Amino acid sequence: MAKLSTKGFMDSIGSGGGGKFSKWKDKGKTVGWIHPNIGIHERSNHGVIPSKEEKDGKVEIRNRRFNCVGKNCPICALMAFASKQIADGADKDELILDGGSKARYTLGEIAGHGDWRTNLEAKTEYIIPWIPRDERDDDKPVEILTVTEGLGYAIRRVIESQQEERGEKKGDPMKTPYAFKFIYKKNEIPMRKYDAERVDNELAPIDSDVKEVFGADESDLGIDLEALTKPGEPAKMMKAIESCWDSRNITFGEFEEFAGIKVEEEDEGEEQEDGFDEMSRKELKAFIKEKDLDIKVYKSMDDDDIREKIREEYEEEEEEEEEEEEEEEEEAEEEEDEGKVTCPNCDEKVKAGKKYCPECGEKMGKKKSGKKGKGKKGKAKSNKKKVECPECEKMVKPTKYGKCPNCASRLDVPF
């Protein structure tokens with residue numbers, strides 16, 4: 001997606017969450033400057049899609065968060081497809097995507113009838129090139145901040161206040177740079193987790209080193225914001241969806257026909273479009289040093305081994321960002337559950353003070369006789385013992401669908 005002007009950022013309204021990714025939330029705050037020449041970018045990012053992939057001869061599930069394509073987006077099409085199937089009479093509890101413990105979606109959840117954990121709807125995120133005041137790396141002076149709408153709102157509030165006080169130009173941090181302080185309060189309720197303040201020039205002076213960074217562009221700094229914000233590739237998104245498609249009654253072919261996007265087989269020698277395949281061994285080693293990647297290169301490794309290590313490192317950075325967002329969402333869910341009690345019959349959360357459970361209809365405070373160990377649909381809880389999964393070679397307890405919770409492979413057990 002395109003770079004935002006200050007006005008574009010001020011007018012933007014987000015929904016809901018290359019370079020060195022910042023770990024500022026671990027410290028709870030950061031002081032610095034938004035790079036005035038590179039500016040703020042935005043992207044529309046979907047919820048987690050599980051993708052079954054082969055690595056080192058073993059199948060594993062990876063969480064993938066794709067940027068929305070827009071008009072021909074496979075994930076948007078998947079949500080529309082699920083809604084149509086339910087409208088046509090399909091069972092909303094039909095399992096569609098099974099990524100084991102990573103992610104699992106029913107038809108209803110894909111259609112938007114679930115909670116925040118299964119929400120696939122694209123949300124606006126802002127990508128900010130950040131120059132930290134403290135502990136700045138001279139070799140990599142610009143960090144990448146992935147900002148959700150909570151902090152985006154706080155930043156807009158600061159800019160609006162500065163423009164009212166100092167005028168439109170002097171209050172614009174892209175035209176007249178000034179420092180910000182971003183604050184993250186881990187234990188606060190979601191709407192109060194983020195805040196932003198303007199920092200006085202005396203406390204954050206723009207010295208010659210900062211001015212030098214201001215004058216550098218993306219290529220000088222080794223930053224590629226286009227790679228972080230460009231729309232996802234429909235073919236890769238469809239392949240991820242197909243890899244974990246597990247419905248017994250609705251075929252992937254039906255969805256493929258609905259979406260109008262065909263999954264084409266890749267040539268074995270097809271290169272990934274990240275630029276690493278064009279780099280020589282010397283250039284790859286220089287890239288690792290420049291980006292401060294935690295990778296050791298040995299003589300026994302060929303160039304493709306090095307490229308794979310670099311790609312894995314970037315994937316880990318993205319997954320850490322996702323885990324942070326998931327933790328925040330879990331905290332929000334816990335806050336939502338405050339003031340609720342668990343029904344002894346169906347294990348659903350019920351508002352305290354209710355005499356009867358709205359889910360199963362049974363009286364609260366007393367488990368109905370003859371239904372010990374049963375859920376709200378009357379299905380007995382599983383007592384399955386652990387078995388060895390032939391794919392991931394681990395001892396696992398089968399899911400209620402008779403599958404491995406780690407890699408979603410079907411196990412030879414009754415269910």
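Residues numbered from 1 in each chain as written. Predicted model: local features only at pLDDT ≥ 70, side-chain atom pairs only at ≥ 80, totals over all residues. Heavy atoms only, no water.

1. Comments concerning the overall build of the chain
Turning to step 1, where the next piece is worked out: The secondary structure content of the chain amounts to 11 helices and 15 strands.
Turning to step 2, where the next piece is worked out: When the accessible surface of the chain is summed, it comes to about 23,700 Å², and 45% of that surface belongs to carbon and sulfur atoms. (Helix = DSSP H or I, 4+ residues; strand = E, 2+ residues; numbered from the N terminus. Areas by Shrake-Rupley, 256 points an atom, 1.4 Å probe, with all protein chains shown as cover.)

2. A short note on the nonpolar core
Taken as a class, soluble globular proteins show a tendency for nonpolar side chains to be buried jointly.
Turning to step 1, where the next piece is worked out: Core analysis: the biggest nonpolar cluster contains 29 residues, and Leu 97, Ile 110, Ile 241, Trp 245 and Phe 255 have the highest contact counts within it.
Turning to step 2, where the next piece is worked out: Among the secondary structure elements, those contributing two or more residues to this core are helix H2 (74-87), strand S6 (95-98), helix H3 (107-110), helix H8 (234-243) and helix H9 (252-259).
Turning to step 3, where the next piece is worked out: Broken down by element, this core gets its largest block of residues, six residues, from H2.
Turning to step 4, where the next piece is worked out: Apart from the residues within four sequence positions on either side, Phe 255 is in contact with Pro 74, Ala 77, Leu 78, Phe 81, Met 238, Ile 241 and Trp 245.
Turning to step 5, where the next piece is worked out: Ile 40, Val 158, Ile 159 and Ala 196 belong to the second-largest nonpolar core, a separate cluster that totals 20 residues. (Core = buried A, V, L, I, M, F, W, Y, C linked by side-chain atoms within 4.5 Å. Buried < 20%, exposed > 50% of the residue type's maximum accessible area, 1.4 Å probe, protein only. Contact = heavy atoms within 4.5 Å.)

3. Some remarks on the pairing of strand S10 (residues 179-184)
Turning to step 1, where the next piece is worked out: Among the six residues of S10, five are classified as buried, and the element is accordingly described as predominantly covered.
Turning to step 2, where the next piece is worked out: In the sheet, strand S2 (residues 29-34) pairs with S10 via four bridges, with the strands oriented antiparallel. Each residue of the ladder has a partner; that of Lys 29, found in S10, is Ile 183.
Turning to step 3, where the next piece is worked out: Where S10 lies against strand S11 (residues 194-199), six bridges are found, and the strand directions are antiparallel. The residue of S11 that forms the bridge with Phe 182 is Ala 196. (Pairing = 2+ DSSP bridges.)

4. A short note on the state of the cysteines
Turning to step 1, where the next piece is worked out: A complete count under the given rule lists zero disulfides for this structure.
Turning to step 2, where the next piece is worked out: There is no disulfide at Cys 76, and the cysteine sulfur nearest it, in Cys 68, is 3.7 Å away. (Disulfide = S-S within 2.5 Å.)

5. Describing the pairing of strand S3 (residues 41-45)
Turning to step 1, where the next piece is worked out: Of all five residues that make up S3, five are buried, and the element is covered over most of its length.
Turning to step 2, where the next piece is worked out: Both faces of S3 are covered, namely the face carrying His 41, Arg 43 and Asn 45 and the face carrying Glu 42 and Ser 44.

6. Comments concerning a negative patch on the surface
Turning to step 1, where the next piece is worked out: A cluster of like negative charges, contributed by Asp 138, Asp 139, Asp 207, Asp 209, Glu 212, Asp 292 and Asp 294, occupies part of the molecular surface.
Turning to step 2, where the next piece is worked out: In this structure, Asp 138 sits in the loop between strand S8 (123-132) and strand S9 (143-147).
Turning to step 3, where the next piece is worked out: Under the relative-accessibility criterion, Asp 138 is labelled exposed at 70%. (Patch = residues over 30% accessible without salt bridge, like charges linked within 9 Å, V, L, I, M, F, W, Y side chains within 5 Å. Salt bridge = Lys/Arg side-chain N within 4 Å of Asp/Glu carboxyl O. Lys, Arg positive; Asp, Glu negative; His and termini not counted. Charge placed at Lys NZ, Arg CZ, Asp CG, Glu CD.)

7. Things to note about the packing of aromatic side chains
Turning to step 1, where the next piece is worked out: Counted by the stated rule, this structure contains 13 aromatic pairs.
Turning to step 2, where the next piece is worked out: On the basis of an interplanar angle of 75° and a centroid distance of 5.6 Å, the ring pair of Trp 245 and Phe 252 is categorised as edge-to-face. Take Trp 245 and Phe 252: they sit in the same class, and that class is buried.
Turning to step 3, where the next piece is worked out: Note that Lys 25 overlies the ring of Tyr 184, its terminal NZ or CZ placed 5.2 Å from the centroid. (Phe/Tyr/Trp six-rings, centres within 6.5 Å; stacked < 30°, edge-to-face > 60°. Lys NZ or Arg CZ within 6 Å of the ring centre and 35° of its normal.)

8. Looking at the environment of Gln 85
Turning to step 1, where the next piece is worked out: Structurally, Gln 85 is set in helix H2.
Turning to step 2, where the next piece is worked out: With 23 residues separating them along the chain, Gln 85 and Gly 108 place their C-alpha atoms 9.5 Å apart.
Turning to step 3, where the next piece is worked out: Beyond its immediate sequence surroundings of up to four residues, Gln 85 is in contact with Ala 90, Leu 107, Ile 250 and Glu 254.

9. Some thoughts on the packing of H8 against H9
Geometry of a packed helix pair, given as the angle between the helix axes and the separation of the axes.
Turning to step 1, where the next piece is worked out: At a closest axis distance of 11 Å, the pairing of H8 and H9 adopts a crossing angle of 155°. The orientation of H8 with respect to H9, classified from their angle, is roughly antiparallel. Regarding H8 and H9, the two cross each other, and that crossing is right-handed. From H8, Met 238, Ile 241 and Glu 242 reach across to H9, where they touch Phe 252, Phe 255, Glu 256 and Ala 259.
Turning to step 2, where the next piece is worked out: Split into classes, the residues belonging to the contact of H8 with H9 amount to five nonpolar, no polar and two charged. (Axes fitted to C-alpha atoms, helices over the stretch in contact; angles between N-to-C directions. Parallel < 35°, antiparallel > 145°, perpendicular 65-115°, else oblique. Left-handed = near helix turned anticlockwise from the far one by under 90°. Nonpolar A, V, L, I, M, F, W, Y, C, P; charged D, E, K, R; others polar.)

10. Some points on H2
Turning to step 1, where the next piece is worked out: The end-to-end C-alpha distance of H2 is 20 Å, a good match for the 20 Å that 14 residues give at a rise of 1.5 Å each.
Turning to step 2, where the next piece is worked out: Those residues of H2 that sit buried are Pro 74, Ile 75, Ala 77, Leu 78, Met 79, Phe 81, Ala 82 and Gln 85.
Turning to step 3, where the next piece is worked out: Where the residues of H2 are buried, they touch strand S4 (49-55), S6, H3, H8 and H9.
Turning to step 4, where the next piece is worked out: Backbone geometry just after H2 places Gly 89 at a positive phi near 110°. (Expected span 1.5 Å × (residues − 1).)

11. Observations regarding the pattern of salt bridges
Here the idea is simple: oppositely charged side chains can pair when their charged atoms come close.
Turning to step 1, where the next piece is worked out: Per the stated rule, a full pass over the model turns up 16 salt bridges.
Turning to step 2, where the next piece is worked out: When the shortest N-O distance is used, the salt bridge between Arg 156 and Glu 149 registers 2.3 Å.
Turning to step 3, where the next piece is worked out: Take Glu 149: its relative accessible area is 12%, and that puts it in the buried class.
Turning to step 4, where the next piece is worked out: The shortest N-O distance in the salt bridge between Asp 195 and Arg 157 comes to 2.7 Å. Within this pair, whereas Asp 195 is found in strand S11, its partner Arg 157 is found in helix H4 (residues 149-166), the two being separated by 38 residues in sequence.

12. Some words on the packing of H2 against H9
Turning to step 1, where the next piece is worked out: Where H2 meets H9, the axes come as close as 10 Å, and the angle between the chain directions of the two elements is 115°. Classified by the angle between their axes, H2 and H9 sit roughly perpendicular to one another. When you trace H2 past H9, the crossing you get is right-handed. Across the interface between the two elements, Pro 74, Ala 77, Leu 78, Ala 80, Phe 81, Lys 84 and Gln 85 of H2 pack against Glu 254, Phe 255, Phe 258 and Ala 259 of H9.
Turning to step 2, where the next piece is worked out: In the contact of H2 with H9, the residues fall into eight nonpolar, one polar and two charged.

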